[in-house]
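Listed below, chain by chain, are the residues.
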Amino acid sequence: MGARLPRAALAALLFVAAGGCASVRGGARPGPLDGVVTPGDPREAEARAQAVAARRPGDPSARLAAALVARRAADARGEAAELLALAAGAPRHPASLYALRRLSELAEDSPELARAVEAGLARALADGRFRGVAAYRARVARVIAAEVVGDHPQVAALRAENGAIRAWTLAGPLGRRRASDFVRTWPAEAGVLPESTPSPWDGPPRPTRFLPAPDGAVALEGEPGGGDVFLLAADVTLARGGAYLVSIGTAMSARVTIDGALVHERRDFEAFLPTVVHVPVTLAPGVHRLLVKVARTGERASLHLAFAREDGAPSDATAAPVRPGAAPPAAGRPRIGAPVLDARALAAALGRELGAPVGALLAGMDAAAFDREAAKALLADAEAALPRSAAVRVARALTVAADPSLDEQVARARAEAELREALALDPGHLAARLSLASLLRHAGRLDEADELVAATPARDARANPSPGREASLALARARLAEARGHVEAAEAQVAEALAGGGGCRALELGRDLAGRRRAVAVEDERARAFASCRDGRERLAD
């Protein structure tokens, strides 16, 4: 029937619960997060978390508790508000790293949330509250927020502050075998680029060429076939020098060197490896030759590389393409450390503050987007420690649904089983309920999805109002009605979702429904609003 849910579709609804609580750490009194991760009464946990956050607004675990409660209720606005307060109020707490990554996702939900993310993080960055990976993630969240609202000068400025390399020289293809030709050492790796390279097949030589990357990501999909191994080069000028985090993001095989010293090597053909790493490198002021040998894989052939400053200040790195035949600049040998804050390291840091099971859960969900195997292992650790946690079940469902190493039917079945177990443990977990309904709808099992949504328990009267919760429910009903061809019913539910701040997904569906009803004025109004969403103009053009 339907295809497997893409990561973004499921992630928009799934709840990742995590947090430290006294009972998890062995104490007797319940903490602000008790019942959110551990078995207990979720309604009491929700009331307690909100009360503690109101009483102790500077307590990161209290803010985390309130954010996770909002995510359980599928309330994106409430969750974002709490995560912004956590990140800005406790920027050195390891939970802020989780908060900043999640805010990057939430910023895409609507222009309103994007503006909230920008406002909440801009001052903290300007004040120097973030350092290292946290500063890098904060700027990434602001980049996404600026993209959503269409502020392209701000996007460019923030990428420059993170030190993104936006100008390259490309030589190749050097070879056509993505494994054996990648491990081979090519003469150009000494630092001097040729004017051209022989074609891997019979044909004219391929000239070495300038490759701009204005968005900070260089893509090789447009390069001709016949060869998969290429060499990218840039001369990076550092005005101040000092300690940097060289951030590398790619699913390709890649070998990164600076001034001839190996910074990082990733062999995609040998293992499932992280697609994002941060390597500390100490460099003197001046010009440094950056070389990256890459081999295309079956996944997207793109590379992002940045020289972010470890102190969190805006980067002083600028890049220029390398002229063929130009000798490498004279530079001292860099001092290179081991990659920092991988998934296990983040789990350990969170565990020291919040307890090991919570650290494993939070870090596992954080890593799902860039280190799938580590995420699966960490969530297995969390399940072993918390076998009756609905939060762990939902987290595992997200990971398995997006696992490309599984057959589509197997991934869907395993995700469904995890979500059903989560609802058996916590029937009021709205994010789990709506995620399962979405999965069933994609599989064409509309009757089951309708029954699941109709059985949603009423919200506890003791809890704070949650317009986002009602908007999420209305959008789920609208999608189910639309799947059955009930356009009028779907339109009524979309209108309710939009009134509650349903965001870009509700706007897109609402525009399509208005077009089917030939309600031109309504369609135009929603199209104008949807154009403010990320990639909204491009999708409207399609």
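What you see as residue numbers is a count from 1 along each chain, following the sequence as written. Residue-level local features of this predicted model are given only where pLDDT is at least 70; pairs of side-chain atoms are given and counted only at 80 or more, and the full residue set underlies all totals for whole chains, interfaces and linings. Computation of side-chain values: all heavy atoms of the structure, hydrogens and water removed.

Caption draft 1: View of the overall build of the protein chain. Secondary structure follows DSSP: runs of H or I at least 4 residues long count as helices, runs of E at least 2 residues long count as strands, and numbering of each begins at the N terminus. Scanning the protein chain for helices and strands turns up 21 helices and 14 strands. As a reference, a globule follows 2.2 Å times the number of residues to the power 0.38, and the radius of gyration itself is taken over C-alpha atoms. Against the globule reference of 24 Å for 542 residues, the protein chain gives a C-alpha radius of gyration of 24 Å, in line with a compact fold. In terms of its C-alpha atoms, the protein chain occupies a principal-axis envelope of roughly 70 × 60 × 40 Å. Expressed as a percentage of its 542 residues, the buried residues of the protein chain come to 56%. Note on contacts: a residue pair qualifies if any of its non-hydrogen atoms lie within 4.5 Å across the two residues. Nonlocal contacts in the protein chain, meaning residues at least 24 apart in sequence, comprise 71% of its contacts between residues at least 6 apart. As displayed, the protein chain offers around 21700 Å² of accessible surface, 53% of which is attributable to carbon and sulfur atoms. Categorising residues by exposure relies on relative accessible area from a 1.4 Å probe, with only protein chains included: less than 20% of the type maximum marks a residue as buried, more than 50% marks it as exposed, and the intermediate range marks it as partly exposed. Using a 1.4 Å probe, accessible areas were evaluated by the Shrake-Rupley method; residue-level cover was limited to the displayed protein chains.

Caption draft 2: Region of interest: the state of the cysteines. By convention in this document, the label disulfide applies to cysteine sulfur atom pairs within 2.5 Å. Within the structure shown, the criterion is met by one disulfide. The disulfide bridge from Cys504 ends at Cys533, spanning 2.0 Å between sulfur atoms. Its S-S torsion of about -95° marks the bond between Cys504 and Cys533 as left-handed, since a negative value means left-handed. Within this pair, whereas Cys504 is found in helix α19 (residues 503-516), its partner Cys533 is found in the loop between α20 (520-530) and α21 (536-541), the two being separated by 29 residues in sequence. In terms of burial, Cys504 and Cys533 fall into one category: buried.

Caption draft 3: A look at helix α10 (residues 343-354). Expected span of a helix, by definition, is 1.5 Å for each gap between consecutive residues, and there is one gap fewer than residues. For α10, spanning 12 residues, the distance from its first C-alpha to its last is 16 Å, which sits close to the expected 16 Å at 1.5 Å a residue. Within the span of α10, buried status applies to Ala343, Leu346, Ala347, Ala349, Leu350, Gly351 and Leu354. Trailing α10 by a residue or two, Gly355 shows a phi angle of about 105°, which is positive.

Caption draft 4: Molecular detail of the sheet that holds strand β12 (residues 302-309). Strand order in the open sheet formed by five strands is β5-β12-β7-β10-β14, and the pairing between neighbours is antiparallel. The open sheet terminates on both sides in strands that have one partner only, identified here as β5 (217-219) and β14 (335-336). Where strand β10 (residues 276-283) and β14 come together, two bridges link them in antiparallel fashion. Paired with Thr282 across the strands is Arg335, a residue of β14. On the sheet, helix α7 (residues 132-149) packs against β7 (242-250), β10 and β12 and is oriented at approximately 125° with respect to β12. Whether two strands pair comes down to DSSP finding at least two bridges between them. Fitting a line to C-alpha atoms yields each axis, with helices limited to the stretch in contact; the angle taken between N-to-C directions then spans 0 to 180 degrees.

Caption draft 5: Geometry of helix α11 (residues 356-367). Over its 12 residues, α11 runs 16 Å from end to end, which matches the ideal 16 Å to within 8%, given 1.5 Å per residue. Here α11 lies mainly inside the structure; 11 of its 12 residues are buried. Looking at α11, one finds that the buried residues are Pro357, Val358, Gly359, Ala360, Leu361, Leu362, Ala363, Gly364, Met365, Asp366 and Ala367. If you follow the buried residues of α11, they end up packed against α3 (60-72), α5 (95-106), α7, α10, α12 (372-385) and α13 (390-401).

Caption draft 6: Focus on the packing of aromatic side chains. Centres within 6.5 Å are what make two rings of Phe, Tyr or Trp a pair, Trp counting through its six-membered ring; a difference in plane orientation under 30 degrees is then read as stacked, over 60 as edge-to-face, and the rest as tilted. Considering all chains together, one arrives at two aromatic pairs under this definition. A ring pair is formed by Phe182 and Phe269, whose centres lie 6.1 Å apart and whose planes are at 75°; its orientation type is edge-to-face. Of this pair, Phe182 sits in helix α9 (residues 180-183) while Phe269 sits in the loop between β9 (261-266) and β10, and the two are 87 residues apart along the sequence. Judged by relative accessible area, which is 0%, Phe182 ranks as buried.

Caption draft 7: Structural context of the side chain of Thr297. As for its position among the elements, Thr297 is in the loop between β11 (286-295) and β12. For Thr297, a relative accessible area of 12% translates into the label buried. Among all residues touching Thr297, those that are not within four sequence positions of it are Arg178, Ala251, Met252, Ser253 and Asp268.

Caption draft 8: Region of interest: the nonpolar core. What is meant by a nonpolar core is a set of buried Ala, Val, Leu, Ile, Met, Phe, Trp, Tyr and Cys residues, joined one to another through side-chain atoms within 4.5 Å. Leu64, Leu121, Phe130 and Leu361 are the most contacted members of the largest nonpolar core, which totals 64 residues. Counting residues per element, this core draws most heavily on α7, at eight residues. With residues up to four places along the chain from it excluded, the contact list for Phe130 reads Ala87, Pro91, Leu100, Leu121, Ala124, Leu125, Ala135, Ala138, Asp311 and Gly312. By size, the runner-up hydrophobic cluster in this structure holds 32 residues, among which are Leu220, Met252, Ala301 and Leu303.

Caption draft 9: Structural context of unusual backbone geometry. Put simply, Gly172 and Pro173 share a cis peptide bond, and its omega is 15°. Here Pro173 is to be found in strand β1 (residues 167-175). We note that Ala74 has phi near 55°; this positive angle belongs to a residue other than glycine. With respect to the secondary-structure elements, Ala74 resides in the loop between α3 and α4 (76-89). With a phi close to 50°, Leu341 is a non-glycine residue in the positive phi region. With respect to the element layout, Leu341 can be found in the loop between β14 and α10. The partly exposed category is assigned to Leu341, whose relative accessible area is 32%.

Caption draft 10: Summary view of the pattern of salt bridges. Should a side-chain nitrogen of Lys or Arg be within 4 Å of a carboxyl oxygen of Asp or Glu, the pair is scored as a salt bridge. Per the counting criterion, the structure on display carries 46 salt bridges. Residue Arg255 is joined to Glu265 by a salt bridge in which the shortest nitrogen-to-oxygen separation is 3.3 Å. Taken together, the positions of Arg255 in strand β8 (residues 253-258) and Glu265 in strand β9 put the pair 10 residues apart, joining distant regions of the chain. A relative accessible area of 27% places Arg255 in the partly exposed class. One network of salt bridges, in which partners are shared, links Arg71, Glu79, Arg102 and Glu105.

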